[in-house]
Amino acid sequence: AVVSTQSTGEKLHQSICHSSFIYSIALHDDTLVTCSSDKTVKVWNVGSGKARTISVIPTSTQETLTEWGTKQVNSWLSRLLPNHPPTELTGQDLATIELEELICSIECGEERKKDQLKQSVCLLRSFGGIPNEFLCPISMEIMTDPVVMTDGHTYERSNITEWLSAGNCRSPFTNATLSARSIVSNHNLRKLINTVFFLD
């Protein structure tokens, strides 16, 4: 990131302050705040011309699979198997119990559903939980109808439609002006999300 004065363009400081791209910046007096897709907010003191990190604040409460309690497991299962009774399984169980034993303990019925459930568990294990790419940047909810905007980011269709209907002409993710207001279905992401969260 480069911090420079608006009036003269004089560079005050250049630094790699995040491990991913910055999508929001705020400047007030001698304080600069940057938000990044690396899920951190950094507060910088730039008054002396030397930026330094004052604090790093994690912005995500997204838990890894092994941190899931029975509530998160049952929430995931209720998407896959809407009529399934609550289970006492935890995320640690999903991550470590031998796959065949795990599928038998969930009792999902027909073979096709068992195969789909195995695939879903394998994907959850490989992701280590719910990937951030499955979450709409506006609502931070799992997307069911992901669409791509002209800013290159994916959103839940209803959320971005509401954003655009409210008269917004800037990206909700980057704050850059949108070159167009068109949206395109993200079929590949929808298929992947459906594989992990929704059995047909």
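Rules used in this analysis
- Residues numbered from 1 in each chain as written.
- Predicted model: local features only at pLDDT ≥ 70, side-chain atom pairs only at ≥ 80, totals over all residues.
- Heavy atoms only, no water.
- Helix = DSSP H or I, 4+ residues; strand = E, 2+ residues; numbered from the N terminus.
- Buried < 20%, exposed > 50% of the residue type's maximum accessible area, 1.4 Å probe, protein only.
- Contact = heavy atoms within 4.5 Å.
- Core = buried A, V, L, I, M, F, W, Y, C linked by side-chain atoms within 4.5 Å.
- Arc of directions from axis to C-beta.
- Axes fitted to C-alpha atoms, helices over the stretch in contact; angles between N-to-C directions.
- Parallel < 35°, antiparallel > 145°, perpendicular 65-115°, else oblique.
- Left-handed = near helix turned anticlockwise from the far one by under 90°.
- Nonpolar A, V, L, I, M, F, W, Y, C, P; charged D, E, K, R; others polar.

Engineer: Give a description of the overall build of the protein that names residues and reports values.
Structural biologist: When helices and strands are counted, the protein shows six helices and nine strands. Residue burial in the protein is summarised as follows: out of 200 residues, 36% are buried. The contacts in the protein between residues at least 6 apart in sequence include a share of 39% that link residues at least 24 apart.

Engineer: How would you summarise the nonpolar core if you had to cite specific residues and measurements?
Structural biologist: Grouped together as the largest cluster of nonpolar side chains are 36 residues, with contacts concentrated most on Trp68, Trp76, Leu94, Leu117 and Phe197. Of all the secondary-structure elements, those providing two or more residues to this core are helix H1 (70-80), helix H3 (99-106), helix H4 (111-127), helix H5 (157-165) and helix H6 (187-197). Among all residues touching phenylalanine 197, those that are not within four sequence positions of it are Trp76, Arg79, Leu80, Ser120, Ile130, Phe134 and Ile142.

Engineer: Which residues make up H1, and what values do they have?
Structural biologist: Among the residues of H1, those classed as buried are Val73, Asn74, Trp76, Leu77 and Leu80. In an axial view of H1, the angular spread of the buried residues amounts to 160 degrees, which keeps them on one side of the axis.

Engineer: I'd like to hear about the packing of H1 against H4, residue by residue, with values.
Structural biologist: In contact at an axis separation of 12 Å, H1 and H4 are set at 140 degrees when each is read in the N-to-C sense. In terms of orientation, H1 and H4 fall into the oblique class. The two elements H1 and H4 meet at a crossing, and its hand is right-handed. Every residue of H4 that contacts H1 at Trp76, Leu77 and Leu80 is listed here: Leu117, Ser120, Val121 and Leu124. The residue inventory of the contact of H1 with H4, partitioned by class, reads six nonpolar, one polar and no charged.

Engineer: Could you give an account of the environment of threonine 66, with specific residues and numbers?
Structural biologist: Along the chain, threonine 66 turns up in the loop between strand S6 (53-58) and H1. Overall, the relative accessible area of 41% leaves threonine 66 in the partly exposed class. When the C-alpha atoms of threonine 66 and threonine 90 are compared, they prove to be 7.6 Å apart, with 24 residues separating the residues in sequence. Setting aside anything within four residues of it in sequence, one finds threonine 66 in contact with Gly91, Gln92 and Ala95.

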